[in-house]
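What follows is each chain in one-letter form.
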Amino acid sequence: MVQLGPFKIDHPFILAPMAGITNSPFRRLMKRMKSSIVISELVSANGVKYASQRTLELLKFHEEERIVGLQIFGEDTQLLCEAAQLVEKLGADFVDLNLGCPVPKVVKRGAGSAMCRNPFELGKTLTAMVKSVKIPVTIKIRTGWDEKSKNAFECVQAASDAGVSWVAIHGRTRAQGYSGLADWDFIGDVKAKSPIPIIGNGDITGAEQAFSRYKDYGVDAVLIGRGALRNPFIFEQSEAVMHGQTPRKIHSLEYINMMKAQRVLLEESFNPKGAMIHARKFLSWYSTGFPGASEFRRKVFNSPDADTLWNDTFEFFETATQGRDMSFLSEPFLMGGHG
Ligand SMILES: Cc1cc2nc3c(=O)[nH]c(=O)nc-3n(C[C@H](O)[C@H](O)[C@H](O)COP(=O)(O)O)c2cc1C
């Protein structure tokens, strides 16, 4: 057990929030795969005001997900407070504010990573948010706007003064987008000076690396995003490394069983068409790097119904994983997103 802000968690390895990915069924799956906490994708605080069906769908979660945080974004303090109150009313364990999104549509409005450009104003918004709810308020930021303005520490100070429970830092500037490498030395420097817990994030693709980032940079936890899509066993493997154990060998059957569980969760959560759309997306990622992946993807995108899609999937992975040591690939992957 480790302490992260107000929560006691099994271990410090946490699935990063990802738009279009960390929806409720995937969070449930990753909870079963031992992510110690899960966080929703970003949800617009403006959408919350109008309580659109889509927004409410995005805020749904299942008891199985706890400890679960719902992530919001927006530029208007009042709307952010109202959204935080709705998150609290829905029963989430904490509310996370997205301050890392680099997408032009979001930053032009002054939301996402643009909010960190003025730590003083940010502090006022965070103070209001913390006052508006009883659940913990957390934030996720980047190292700064660009190389010349890496002001993550000023943002951490503002967050700490406001009563924010932790700050997750993606180790890139807004200008970097997803290029270059996450600057863990910078994250470590901020952590060393920070009065509140810091979660480090960026480019973790393996269990040994996850643990060494945690240990070497002294952070309170690490977020793993894209790496978990390639290797969903990374959370339990990282925990094993933390306890001085060699991560157990993953049997290919376990990988296939995980996909079977995902099918059930998707079909429980979406209509048949929606479940197929999500399945195609995840299965394409899972297949990357396995022999015959591009042909498999073509098949999956053309399958007429769910049974054909999943039968082709299990057949593909049974063959593709045969006799293979299930050490997963780690080259760069999905070079874009909302944080
Ligand atoms: C497809 C995609 C969507 C993302 N969506 C979000 C999001 O909704 N909220 C957020 O805070 N970060 C989002 N991110 C950023 C990730 O949480 C994380 O900071 C980033 O991917 C770096 O970590 P990684 O190298 O472990 O993937 C997204 C990233 C990707 C690739």
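What you see is a predicted model; the values in this text were computed from it and never measured. (Residues numbered from 1 in each chain as written. Predicted model: local features only at pLDDT ≥ 70, side-chain atom pairs only at ≥ 80, totals over all residues.)

*Asks:* Help me out: how do you make sense of the overall build of the protein chain in this one?
*Replies:* Regarding its fold elements, the protein chain presents 15 helices and 10 strands. A compact globule built from 339 residues would reach a C-alpha radius of gyration of about 20 Å, and the protein chain, at 20 Å, matches this within 12%. Each principal axis of the C-alpha atoms in the protein chain carries an extent, and together these give about 55 × 45 × 35 Å. With 339 residues in all, the protein chain has 49% of them scored as buried. (Helix = DSSP H or I, 4+ residues; strand = E, 2+ residues; numbered from the N terminus. Rg over C-alpha atoms; globule rule 2.2 N^0.38 Å. Buried ≥ 20, exposed ≤ 12 C-beta atoms within 10 Å, placed from the backbone.)

*Asks:* How should I be thinking about the packing of helix H4 (residues 77-90) against helix H6 (residues 119-132) in this particular structure?
*Replies:* Packed helices, taken two at a time, are described by their axes: the angle between them and the distance between them. Here H4 crosses H6 at 30 degrees, and the two axes come no closer than 9 Å. Taken together, the axes of H4 and H6 are roughly parallel relative to one another. The handedness of the crossing between H4 and H6 comes out as right-handed. Within the contact between the two elements, H4 uses Thr77, Leu80, Cys81, Ala84 and Gln85 and H6 uses Lys124, Thr125, Ala128, Met129 and Ser132. Of the residues contributing to the contact of H4 with H6, the split by class is 5 nonpolar, 4 polar and 1 charged. (Axes fitted to C-alpha atoms, helices over the stretch in contact; angles between N-to-C directions. Parallel < 35°, antiparallel > 145°, perpendicular 65-115°, else oblique. Left-handed = near helix turned anticlockwise from the far one by under 90°. Contact = placed C-beta atoms within 7 Å. Nonpolar A, V, L, I, M, F, W, Y, C, P; charged D, E, K, R; others polar.)

*Asks:* What should I look at first to understand the site of the ligand in this one?
*Replies:* In the vicinity of the ligand lie 24 residues, with Ala16, Gly225, Gly337, His338 and Gly339 positioned nearest. Only strand S4 (38-44) and helix H10 (226-230) provide two or more residues apiece to the shell around the ligand. By residue class, the composition of the shell around the ligand is 9 nonpolar, 11 polar and 4 charged. (Near = placed C-beta within 6 Å.)

*Asks:* For this particular structure, what's the right way to read helix H9 (residues 207-216)?
*Replies:* An α-helix turns once per 3.6 residues; consequently, residues spaced three or four apart project the same way. When H9 is considered as a whole, its buried residues turn out to be Ala207, Ala210, Phe211, Arg213 and Tyr214. Buried residues in H9, looked at end-on, bunch into an arc of 160 degrees, giving them a common side. In H9, the exposed positions angled more than 90 degrees off the buried face are occupied by Glu208, Lys215 and Asp216. Those residues of H9 that are buried are in contact with strand S3 (13-15), helix H8 (184-193), strand S9 (198-201), strand S10 (221-224) and helix H11 (234-242). Looking one or two places after H9, you find Gly218, whose phi comes out positive at around 70 degrees. (Arc of directions from axis to C-beta.)

*Asks:* Please clarify how unusual backbone geometry should be interpreted in this entry.
*Replies:* A negative phi holds for most residues other than glycine; trans holds for most peptide bonds. Along the chain, Arg66 connects to Ile67 via a cis peptide bond; the corresponding omega equals 10 degrees. The residue Ile67 is located in the loop between helix H3 (53-58) and strand S5 (68-73) in this model. Not every positive phi belongs to a glycine, and Lys34 is a case in point at roughly 85 degrees. If you trace the backbone, Lys34 turns up in the loop between helix H1 (24-32) and S4.

*Asks:* So what exactly am I meant to see when it comes to the environment of Leu122 here?
*Replies:* Within the fold, Leu122 resides in helix H6. Overall, Leu122 belongs to the buried group, with 22 C-beta atoms counted inside 10 Å. For Leu122 and Ala158, which are 36 residues apart along the polypeptide, the C-alpha to C-alpha distance reads 7.1 Å. The residues touching Leu122, leaving out its near neighbours within four places in the chain, are Met115, Cys116, Cys155 and Ala158.

*Asks:* Please clarify how the sheet that holds S10 should be interpreted in this entry.
*Replies:* Backbone hydrogen bonds are what pair the strands of a sheet, in a parallel or an antiparallel way. Pairing within the open sheet is parallel, and its 8 strands lie in the order S3-S10-S9-S8-S7-S6-S5-S4. Single-partner strands in this sheet number two, and they are S3 and S4. The sheet shows a mean angle of 30 degrees between the axes of neighbouring strands, taken without regard to direction. Sheet topology places S5 next to strand S6 (residues 94-99); 4 bridges connect them, and they run parallel. Paired with Gly69 across the bridge in S6 is Phe94. (Pairing = 2+ DSSP bridges.)

*Asks:* Please explain the pairing of strand S7 (residues 137-144) as it appears in this structure.
*Replies:* Side chains on a regular strand alternate between the two faces of the sheet. Most of S7 is tucked away: 8 of the 8 residues are buried. The pairing of S6 with S7 spans 5 bridges and is classified as parallel. Considered in S7, the bridge of Leu97 is made with Ile139. Note: S7 against strand S8 (residues 167-173), 5 bridges, orientation parallel. Residue pairing for S8: Gly144 is matched across the bridge by Thr173. Handedness of the crossover is the feature at issue here: the chain leaves S7, passes through helix H7 (residues 152-162), returns alongside S8, and the resulting connection is right-handed. (Right-handed = clockwise from strand over helix to strand, strands pointing away.)

*Asks:* Before we go on, may I ask you to explain the pairing of S6 in this structure?
*Replies:* For S6, the tally of buried residues reaches 6 of 6 residues, placing the bulk of the element in the interior. Residues Phe94, Asp96 and Asn98 point to one face of S6 and Val95, Leu97 and Leu99 to the other, with burial holding for every one of them. In this region the chain leaves S5, passes through H4 and returns to the parallel neighbour S6; the handedness of that crossover is right-handed.

*Asks:* Help me understand the domain arrangement of the protein chain in this model?
*Replies:* When the parts of a complex come together, some accessible area is lost, and that lost area is often taken as the interface size. Considered domain by domain, the protein chain is made up of domain 1 (2-242) and domain 2 (252-320). Of note, the centres of domain 1 and domain 2, computed from C-alpha atoms alone, are 29 Å apart. For the side of domain 1 that touches domain 2, the per-class residue count stands at 5 nonpolar, 1 polar and 2 charged. (Domains from an automatic or database assignment.)

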